[in-house]
Each structure stands twice: as C-alpha cells, then as structure tokens.
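Examination of the molecular architecture
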Amino acid sequence: MTADALTEIRRHIDPMENVLWSGKPKQDIVFRGSDAFLIPFSLLWGGFAIFWMIGVIKSGAPLFFALFGVPFVLIGIYMIVGRFFVEAKQREKTYYGVTEDRVVIVSGILQQKVKFLTIRNLSDISISESSDGTGTITFGNAMPFFSWFENTSWPGTGQHAVPKFDMIDNPRQVYQIIREIQHGKSTN
C-alpha cells in the first residue's frame, strides 16, 4: 500500500471500513498496444493538417481558410503528443482501493470522481499482466468500439470506460484479495 493512495481512499470511505489494499497506476508517459494504430494515424492527421495550413498561408487565401484549419492542427498536435501528457496527469491523480466490501476508484484532473463497486456483486472480473510486473484488473466488459480509445485521454471516451485498476503493481495479489472477498474468505 502506498501512503498517499491509502490517505486518499480513506477520505472517501466510511470510518469503520477497513482498507485491505490501496495503490496507484504506473506513473509517467506510457505507450499502449492501441498506439500501434493511433501513432501512425495521429502523424498522418497532424501532418496533413499542418501541410494544409502552410499551403493556405503561402497561397494568400482568405483568413477564413487559415482559421478553418486551426482546430485540425490543434487536434493533430494533441493526438501526436498532448494525449500522452494528459493520460500521465490522469494516472497521477488516480487512486485505487479495496475494502472488505467495495472496490474504490478515485480519479479526475479537473473534477475528482469517485466510483464504488460492491465486490460481491461483481460478476465479470478479468486480469491482464505485463512483463514488467504491472497489470490491469477490469470490472466488466468493454464496449467494442470504445475499448480502442478508452486510454487515449480523448474527450468523451471516459464515460464509456469500464471500471478498472489500470497498470497496478502485483495485479495477481490484488485480484486474489478480491476473489477471497467474493468467496467469503477472510483476508486479514
């Protein structure tokens, strides 16, 4: 358990509730499997938008055409580099916890959101592990389309994201704690 995660989780639970585990996702900039598609796409998008803007400016086209291209350039810059920094900031402000009854997820950059899931009501829990010892525990099924974009920090995709403990250390140990609670075994 990390001290800052434990403190943050305790702020959101009942005083008599016992925290069995708390943690944070992996910090800093991270590349994911979806980046195999998103990086080339973002380079194409951003490259074309910048090329188009340069052409508009050099041709002396009316101001409207230059202004029309600005949002496309900004989106391209965000997709190429900005999304990595936004996601890193989101993970920096994310805390996870497991109590005797609930899973707790605290997240949000500008506005803090707290999600509680009753452990005994969770029917679909999956775990994936990476070679670096981190892993993800997912609580539910992802919607097919949004599963590609749920970790991209793209505005609006978070509302469709499945609750999860993303990129945590020792995911198998945390998964075991949750399974023991589901089966009514004491984890103390």
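Before reading further, recall that the structure is shown in the block above.
Note that the structure is a prediction, hence the values are computed from the model and not measured.

Calculation notes
- Residues numbered from 1 in each chain as written.
- Predicted model: local features only at pLDDT ≥ 70, side-chain atom pairs only at ≥ 80, totals over all residues.
- Heavy atoms only, no water.
- Axes fitted to C-alpha atoms, helices over the stretch in contact; angles between N-to-C directions.
- Helix = DSSP H or I, 4+ residues; strand = E, 2+ residues; numbered from the N terminus.
- Parallel < 35°, antiparallel > 145°, perpendicular 65-115°, else oblique.
- Left-handed = near helix turned anticlockwise from the far one by under 90°.
- Nonpolar A, V, L, I, M, F, W, Y, C, P; charged D, E, K, R; others polar.
- Pairing = 2+ DSSP bridges.
- Contact = heavy atoms within 4.5 Å.
- Polar contact = N/O pair within 3.5 Å; in protein donor to acceptor, adjacent residues only side chain to side chain.
- Expected span 1.5 Å × (residues − 1).
- Bend = angle between axes of the 7 residues up to and from the residue.
- Buried < 20%, exposed > 50% of the residue type's maximum accessible area, 1.4 Å probe, protein only.
- Core = buried A, V, L, I, M, F, W, Y, C linked by side-chain atoms within 4.5 Å.

Quick look at the packing of helix 2 (residues 35–59) against helix 3 (residues 63–92)
Interaxial distance between helix 2 and helix 3 falls to 8 Å at its minimum, and their mutual angle equals 150°. With respect to helix 3, the axis of helix 2 lies roughly antiparallel. For helix 2 against helix 3, the interelement crossing comes out left-handed. Its residues placed into classes, the contact of helix 2 with helix 3 shows 20 nonpolar, 4 polar and 2 charged.

A short note on the sheet that holds strand 3 (residues 102–107)
Strand order in this open sheet of 4 strands is 1-2-3-4, and the pairing throughout is antiparallel. Of all strands in the sheet, those bounded by a partner on one side alone are strand 1 (19–23) and strand 4 (113–118). Pairwise comparison of adjacent strand axes, ignoring direction, gives a mean angle of 15° for this sheet. For strand 3 and strand 4, the ladder comprises 6 bridges, and the chain directions are antiparallel. Looking at the pairing, isoleucine 105 lines up with lysine 115 of strand 4. Contacting strand 1, strand 2 (95–99) and strand 3, helix 1 (residues 3–10) runs over the sheet at an angle of about 120° to strand 1. Sheet strands touched by helix 5 (residues 171–182): strand 1, strand 2 and strand 3. Its angle to strand 2, the strand with the most contacts, is close to 35°.

Considerations on the side chain of aspartate 35
Of note, aspartate 35 is situated in helix 2. A polar contact is formed between the side chain of aspartate 35 and the backbone nitrogen of arginine 32, at a distance of 2.8 Å. Discounting chain neighbours no more than four positions away, the residues touching aspartate 35 are Val30, Pro40, Arg83 and Phe84.

Notes on helix 3
Helix length check: helix 3 (30 residues) gives 40 Å between terminal C-alpha atoms against 44 Å at 1.5 Å per residue, within 8%. At glycine 82, helix 3 is bent by approximately 60°, the largest bend along its length. Turning to helix 3, its buried residues are Ala66, Gly69, Val73, Gly76, Tyr78, Met79, Gly82, Arg83, Phe84, Glu87, Ala88 and Arg91.

Side note on the nonpolar core
Formed by 18 residues in total, the largest nonpolar core has its most connected members in Trp21, Val98, Val103, Phe139, Phe165, Val174 and Ile178. The set of elements that each furnish at least two residues to this core consists of strand 1, strand 2, strand 3, strand 6 (134–139), strand 7 (164–169) and helix 5. Here this core gets 4 residues from one element, more than from any other, and that element is helix 5. Beyond its immediate stretch of four places on either side in the chain, valine 174 contacts Trp21, Val98, Ile137, Phe165, Ile168 and Asp169. Ile13, Val19, Tyr95 and Val106 belong to the second-largest nonpolar core, a separate cluster that totals 8 residues.

Some details on the sheet that holds strand 5 (residues 125–129)
Spatial ordering of the open sheet is given by 5-6-7, a layout of 3 strands whose pairing is antiparallel. The open sheet is flanked by strand 5 and strand 7, the only strands paired with a single partner. The average undirected angle you get between the axes of adjacent strands in this sheet is 15°. Sheet topology note: the strand 5/strand 6 ladder contains 5 bridges and is antiparallel. In the sheet register, serine 128 faces strand 6, and the bridge partner there is threonine 136. Relative to the sheet, helix 5 contacts strand 5, strand 6 and strand 7, its axis offset from that of strand 5 by approximately 165°.

Take it as geometry only, folks, not as evidence of what the structure does.
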